[in-house]
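Summary of the model geometry
This is what each chain is made of:
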Amino acid sequence: MQLFECPCPGEDPHPGGQIGEVQLSACTPPGGVPGKPEVPGKPEVPRFLPVLCCALPPGSRVPHGHLWGSGGFMLEEALFGLLFGADATLLESPVILCGLPDGQLCCVVLKALVTSKSAPGDLKALVKILHHLEEPVIFIGALRTKHWAEEEVENVHSDCLVALGHRGRTLAIKAGWDESGNLVPELREYSLPGPVLCAACGGGSRMYHSTPSDLCVVDLAHGGTPMDPEEPDGRSGGLPPLLFPASLSICSVVTLSVSSRAPKGSAELLALSAKGRLMTCSLDLNSEVPGPAKMTRADAGQRIKELLSGIGNVSERVSFLKKAVDQRNKALTSLNEAMNVSCALLSSREGPRPVSCTTTIAWSRLELQDVLMATCLLENSSGFSLDQGWTLCIQVLSSPSALDLDSAGSAITYTMPVDQLSPGSRREVILPLGPGENGMLELPVTVSCTLFYNLREVVGGALAPSDSFEDTFLDECLPTVLPEQEGVCLPLGRHTVDMLQCLRFPGLASPRTQAPCPLGATTDPVDTFLETLREPGSEPAGPASLRARYLPPSAASIRVSAELLRAALEEGHSGVSLCCATLQWLLAENAAVDMVRAQALSSIQGVAPDGSDIHLIVREVAVTDLCLAGPLQAVEIQVESSSLADMCRTHHAIIGRMQMMVMAQAAQRSSPPDLRVQYLRQIHANHEMLLQEVQTLRDRLCTEDEASSSATAQRLLQVYGQLRSPSLVLL
Amino acid sequence: MSHQTRLGSSEPRASCLDLWREKNDWLVRQAKVAQDSGLSLRRQQLAQETLEGLRGLLHSVQGLPAVVPVLPLELTVICNFIILRVSLAQGFTEDQAQDIQQGLERVLATQEQLGPRLERGLWELWDSVLRASSLLPELLPVLHLLAGLQAALWLSTDRLGDMALLLQTLNGSQSRASEHLLLLLKTWSPPAEKSDAPLTLQDARGLRDVLLTAFAYRQGLQDLITGSLPRALNSLHEAASGPCPRPVLVQVYTALGTCLRKMGNPQRALLYLVAALKGGSAGGPPLLEASRLYRQLGDTAAELESLELLVEALSVTHSSEAPQLLIEVELLLPQPDPASPLHCGTQSQAKHLLASRCLQTGRAEDAAEHYLDLLALLLDDSEPRFSPPPCPSGPCMPEVFLEAAAALIQAGQAQDALTVCEELLSRTSSLLPKMSWLWEDARKGTREPPQCPLWVSATHLLQGQAWVQLGAQKEAVSEFSWCLELLFRVTPKVKEQGAPSYCEQCCRSDVVLQQLRAAALISRGLEWVASGQDTKALQDFLLSVQMCPGNQDASFHLLQTLRKLDRRDEATALWWRLDAQTKLPQEDTVWSLPLYLQTYLSWIHPPDREALLEEFRTSLLEPCDL
């Protein structure tokens, strides 16, 4: 606590006029703040502030109105001396009373205060603790408990000090004399209904205090309870043994002030409610029991005012409750809709789903760079609308890089709130798939879409307390109402983006799709390397011929029986040669499929995302020695690329398509032609041997040193090549 | 222009760094402007604005992950922020420790040495940072500044062990043998900042000097209080030789004076005190120290003169200069302690000291005048200036009143003494037990008599003495009787049960009670003697001897009265006892009594004790010889 000099008008406004300071030992309130569980690790926001007021000895020359205005009061001599000691009395020093949130009621004699600079004392020794209320102190005030004639009142000072705690514990102190005539303090504690929001004292013996549900008045005058047997007669009035709060039927008053201009025998209160209503309440204190219930008949206007104010109170409360109910209804409606959507989605395993998400792939140019974009189209064909609370989550999962064996694939999740998707409407979301910062696009990429319903967002909003006084209990029960998981998760679909979808064909002349080579004018480092490798003196050659000489393209091939393909592709491809149809089928999800169809191509030169070229050749072959019945008609799909990795990716993509086709066909027909089992076995045995060799080579690769491992790797590459061009045909 | 081109450059980080750096430099310059601006209000506002600017800047810098190129700037901003904050708040708080810790963690984050984020003490953090800093030489200057701030924080919280460890590491930890902090501080030489480094409010070398002075002064003061004087002298000399602001220099010189006085070198002490007085406006402590020195030398006139000057010096409220926006020596000094020799109290305390010294040295007129001044100073609330009472270190307020009354009586102003006593009683009348109606109850014998503070009895005693001086015997006797009435109600055993909150504990001892009773009885007896009622006098003297056997004055008065009444046998017995007692060494109990009582006892001291004893000896021996 620091004291500053109040600059007088005309003085030099010097802010450093500190005249004293003192340290109050502030402890945390016992048991934390009521109604709020302790949150570990989070600093608690102090809800209670210290209460300060100033007690003056009688005879201080301070204007009366000024005193009340600043929260001070004058105490009767005996009480003053008793509470604050002989020194304060002798010095006629004002005393600062301080009620702390931990329940301490302390006092500091103002004239004993010094600044730590001028005369350091023990700063804590100047503070005297008068009492400990054991709950946060809300109010300190002073009362006149004796009744005085009107003309005397001006000169009579308060003879009772009261302190009010948050939970309603009230302390009253008066000065009294014991049997031997010694001055002793008379202390009494009462319990008033809490929690107390604020309180106020007028000049008389009444104290007003406000709780969330009521505004009460108590009278500490001794005359109120004459039947105390222990009090000896002839002694000046002690404190009443019990207090009887009388209700004034006004709720949630947060600030209260007793007006000093009321005529004798009545009181005027100025009150501010929690909702910001400013009220004046006039009370007639001459009636036996204070409170509007016993208003005199003559004061009918007063009564009507009182009733109106009561109506105002009620309507305030009603509007609050209505708001809460509305909010809860809205949450229930939303929950119901969500329930319907979930049921519809989960029950329709077969056929078109009521809410679907389809993904398409396209290249587009962003900031001087070609980017592969995925377009997810969320379509609501159900009868319900997707409302607040729904979120579309799209997870993009790339496969681990082939070069880095340790790395797991990266996964990115995008979440977008679905705001009001009414039945029949659709929403489009475009996401970049790559290439990423390192310029690499790790194929295949899996895009999976999920719908998520956030329970906390919808239900939590309705249950959250909006009124700090009334709904603290809701705050506590919220965690139990909500289930463990915070929402409902509905998978919509999954889409795999492979090499075949990402190929581009600059050779197919069309101004629209013509994409420049991603690597642009820069020379390929491989070409540069080959250039340097060239023997001196030999003729200069173009990069293409150098590549052809030093880096023969990797190749792989797959054979499928023509019959199988024809059966699978029969719809939509009539009138086209089987090779063309196969190529169209492979590139069905590529943007260039229309060109391929228009030009009826059976072989095509494309560019992979990283710029290397890919050659797809589809041709019909006859396989002679497999079938007993004679040569078997088959289609061979050959992949050639200068980049081994891209060749592998394409091969992998084609195999994937084939697998899916064979699975579908196998379900429909089952009449494979007669096969030469002996021949099949031999091929099978060959493959087994190759696989075994792969295994041993890989083992060796792990143990060998660098020199010999390059030879092993060379061999491994050859074996892989053999495996990739099998003599088997898919039937 | 250069600003423009940097903004346009394609490296976003570089331009960000430059922007931040410019902001930092601008804020530092603004703080300097605030420092120089004369108007205190404007100055305060500017400084606060600068502090907020630095806080905002720190937030932006720390919003991004820590990277090595930004670290020097970031640490500089932290240092500037701490310096400004501490100098504005005039002290370190826990926040600064957190700021430093955050800075250190950011440094470690760039080194990827943060490791498991366990609970690490600040010292462990410093250890890892300083080890990592060998990899980052560009960080060193600002790290030294931050370490200086850390050392200041530890110095102000008395964590000298941590401070020593930190300094050892900063000095290059070979010198582990040297544990002495003063030496460590002296050998620490922070690297000079580069000319292109971001601006700082205070450089590491300046901070080092401040730390050195503050530590030496603290150490010296502590040694002075604990009594190891040669060490204190060394440290204080060290403090005085460093760069030292004037108010601190005054304190150091005063402490040197105290130290030398205690070591028995009054002349050298005086030299330092004179130097301190020349030093500046805060002349209180050296003047008080000078008065102690003169008292020790026995030069009362000079002692009182210095006390008078002290009162005068303290009456001037010297407008304290606005502190610099830097870490200054004053910030690192310990909280002023009343036990410290440099504590000179307030004006009223000094005035009280002056008045009581006057009374003790027998200058009654001066004492009376000073006491009246003091009371006026304390009670006059029309004056807006604040003047705290001598409490809690001095005697409590009622005793000051009693001393004033005693001084007035001593000076022969009995009427004024009566006024002072009346004032005391009227001001505390509401606290006194209600006597009138209790009187009857007490006569019935049903109720215990009320307890009354001792100083009320003492007031009546002094009032009686004042009446004696005015020649009003009747009033005097009635006051003494009233005083005795009150004194005999006090039962020492139950004294704790009374009203708990008076300040009597300082004067309420059994010894005081006994002496008061004896004094009142003797005084009344003397009055009876003066009015010729010797039997009554004899009764009182007898009682007083019984009350307080150690009080020889009572015995002398009794002896005289016995002789006057010609009760030879009793007189002879008493004489033998007295004669034996006077041969024993006198106990100096008188000096533990309150000053007003000491003064009072001097009044009722029989003037010619030796002569009386001698007279008796001869009169007793004569019959034996015969």
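Residues numbered from 1 in each chain as written. Chains lettered and ligands numbered in written order. Predicted model: local features only at pLDDT ≥ 70, side-chain atom pairs only at ≥ 80, totals over all residues.

An unreviewed UniProt entry lists chain B under the name Fanconi anemia group G protein, from Galeopterus variegatus.

Going by the annotation in an unreviewed UniProt entry, the name recorded for chain A is Fanconi anemia-associated protein of 100 kDa, with Galeopterus variegatus given as the source organism.

Here's the deal with the overall build of chain A
Operational definition: The helix and strand labels rest on DSSP assignments: H or I over at least four residues marks a helix, E over at least two residues marks a strand, and numbering proceeds from the N terminus. To assign burial, the other C-beta atoms lying within 10 Å of each residue's own C-beta are counted, with C-beta atoms placed from the backbone; 20 or more indicates buried, 12 or fewer indicates exposed, and intermediate counts indicate partly exposed. Whether two residues are in contact depends on their C-beta atoms, placed from the backbone: they are in contact if these lie within 7 Å.
Across its full length, chain A carries 14 helices and 29 strands. Expressed as a percentage of the 731 residues in chain A, the buried residues total 30%. Expressed as a percentage of contacts within chain A between residues at least 6 apart in sequence, the contacts between residues at least 24 apart total 62%.

Comments concerning the overall build of chain B
Summing up its helical and strand segments, chain B has 28 helices and 0 strands in all. Within chain B, contacts between residues separated by at least 24 positions form 66% of all contacts whose residues are at least 6 apart in sequence.

Thoughts on helix α3 (residues 300-347) of chain A
Put simply, the rule reads: One less than the number of residues in a helix, times 1.5 Å, gives the span that helix is expected to have.
The end-to-end C-alpha distance of α3(A) is 70 Å, a good match for the 70 Å that 48 residues give at a rise of 1.5 Å each. Those residues of α3(A) that fall on the buried side of the exposure criterion are A:E306, A:A331, A:S334, A:A338 and A:V341.

Some points on the nonpolar core
Formally: Note on definitions: a nonpolar core is a set of buried residues drawn from Ala, Val, Leu, Ile, Met, Phe, Trp, Tyr and Cys, linked by C-beta atoms within 7 Å.
Membership of the largest hydrophobic core comes to 248 residues, with the highest contact counts inside it found for B:V252 and B:A405. Excluding anything up to four places from it in sequence, B:V252 contacts B:Y217, B:L236, B:A239, B:A240 and B:C244. In this structure, A:L443, A:L587, A:V607 and A:I614 belong to the second largest nonpolar core, which totals 58 residues.

Examining the sheet that holds strand β27 (residues 603-607) of chain A
Residue and element names in this part refer to chain A. Here is the rule we go by: In this analysis, strands are considered paired if DSSP registers two or more bridges between them. Convention adopted: a line fitted to C-alpha atoms gives each axis, helices being fitted over their contacting stretch, and angles between N-to-C directions are expressed from 0 to 180 degrees.
One open sheet holds the 4 strands; their spatial order is β26-β29-β28-β27, and the pairing between them is antiparallel. At either margin of the open sheet sits one strand with a lone partner, and together these are β26 (554-561) and β27. Within this sheet the neighbouring strands show an average axis-to-axis angle of 20°, counted without direction. Of the pairings in the sheet, the one linking β26 to strand β29 (residues 632-641) comprises 8 bridges and is antiparallel in character. Looking across to β29, one finds that V560 is bridged to V635. Docked against the sheet, helix α10 (residues 578-586) engages β27, β28 (613-623) and β29, running at close to 140° with respect to β28.

A few points about the packing of helix α7 (residues 140-156) of chain B against helix α10 (residues 204-226) of chain B
All names here are of chain B. Here is the rule we go by: Reported orientations rely on four angle classes, namely roughly parallel under 35 degrees, roughly antiparallel over 145, roughly perpendicular from 65 to 115, and oblique for the rest. Take the far helix as your reference; a near helix turned counterclockwise from it by less than a right angle gives a left-handed crossing, and one turned clockwise gives a right-handed crossing.
Viewed as axis vectors pointing N to C, α7 and α10 meet at an angle of 20°, and their least axial separation amounts to 9 Å. The angle between α7 and α10 places the two elements in the roughly parallel class. Judged by the sense of rotation from one axis to the other, the crossing of α7 with α10 is left-handed. Contacts between α7 and α10 involve P141, H144, L145, G148, A151, A152 and L155 from the first element and A204, L207, R208, L211, A214 and F215 from the second.

Quick look at the sheet that holds strand β11 (residues 183-191) of chain A
All names here are of chain A. Pairing within the open sheet is antiparallel, and its 4 strands lie in the order β8-β9-β10-β11. Both edges of this open sheet fall to β8 (137-143) and β11, since each of them pairs with a single strand only. Across the sheet, the mean angle from the axis of one strand to that of its neighbour is 20°, orientation sign disregarded. Where strand β9 (residues 160-165) lies against strand β10 (residues 169-177), 5 bridges are found, and the strand directions are antiparallel. Its bridge partner being in β10, C160 is matched across the sheet by K174. This element, helix α2 (residues 77-91), spans β9, β10 and β11 of the sheet and lies at about 110° to β10.

So, the pairing of β29(A)
With 10 bridges joining them, β28(A) and β29(A) adopt antiparallel strand pairing. Residue pairing in the sheet places A:I614 in a bridge with A:S641 of β29(A).

Here we look at the packing of helix α6 (residues 122-132) of chain B against helix α8 (residues 160-170) of chain B
Residue and element names in this part refer to chain B. Formally: Under the scheme applied, nonpolar residues are Ala, Val, Leu, Ile, Met, Phe, Trp, Tyr, Cys and Pro; charged residues are Asp, Glu, Lys and Arg; polar residues are all the others, including Gly.
At a closest axis distance of 11 Å, the pairing of α6 and α8 adopts a crossing angle of 0°. By the angle between their directions, the pair α6 and α8 is classed as roughly parallel. Contacts between α6 and α8 involve W123, W126, D127 and L130 on the former and, on the latter, D162, L165, L166 and T169. Its residues assigned to classes, the contact of α6 with α8 shows 5 nonpolar, 1 polar and 2 charged.

Notes on the environment of A:P631
Mapped onto the fold, A:P631 is located in the loop between β28 and β29. Put simply, A:P631 and A:V621 are 10 residues apart on the chain and 9.5 Å apart in space, counted from C-alpha to C-alpha.

A few points about the confidence of the model for chain A
All names here are of chain A. Note the cut-off: Confidence per residue, as judged by the predictor, is encoded in pLDDT with a range of 0 to 100.
Mean pLDDT over chain A works out to 72, with 66% of the residues at or above the 70 mark. Here helix α5 (residues 472-481) stands out as the least confident element of chain A, with mean pLDDT 42; β9 is the most confident, with 90. With pLDDT under 50 throughout, residues 9-16 is counted as low confidence; its partners more than four residues away or in other chains account for 8 contacts. Note on residues 510-522: pLDDT under 50 across the span, and 15 contacts to partners over four residues away in sequence or across chains.

Topic: the environment of A:S398
With respect to the helices, strands and loops of the structure, A:S398 is situated in strand β21 (residues 390-398). For the pair A:S398 and A:T446, spaced 48 residues apart in the sequence, the C-alpha separation amounts to 6.3 Å.

Points about helix α3 (residues 40-62) of chain B
In this model α3(B) runs 33 Å from its N-terminal to its C-terminal C-alpha over 23 residues, within 8% of the 33 Å that 1.5 Å per residue would give. Listed in full, the buried residues belonging to α3(B) are B:A47, B:T50, B:L51, B:L54, B:L57, B:L58 and B:V61.

Re unusual backbone geometry
Phi is positive for A:E134, which is not a glycine, with a value near 65°. If you trace the backbone, A:E134 turns up in the loop between β7 (127-132) and β8. A positive phi is found at B:Q90, a non-glycine position, where the angle reads about 60°. Here B:Q90 is to be found in the loop between α4 (71-89) and α5 (94-111).

Some points on the confidence of the model for chain B
All names here are of chain B. Across chain B, the average pLDDT comes to 77, with 81% of residues at or above 70. Confidence, read as mean pLDDT per element, is least for helix α1 (residues 2-8) in chain B (42) and greatest for α4 (88). Low pLDDT, under 50, characterises residues 1-13; the stretch is placed with 5 contacts to residues that sit more than four places away or in other chains. Predicted confidence for residues 493-508 stays below pLDDT 50, and this span has 27 contacts to residues more than four positions away or in other chains.

Considerations on the environment of A:G656
Looking at the secondary structure, you find A:G656 in helix α12 (residues 644-668). For the pair A:G656 and A:D498, spaced 158 residues apart in sequence, the C-alpha to C-alpha distance is 9.4 Å.

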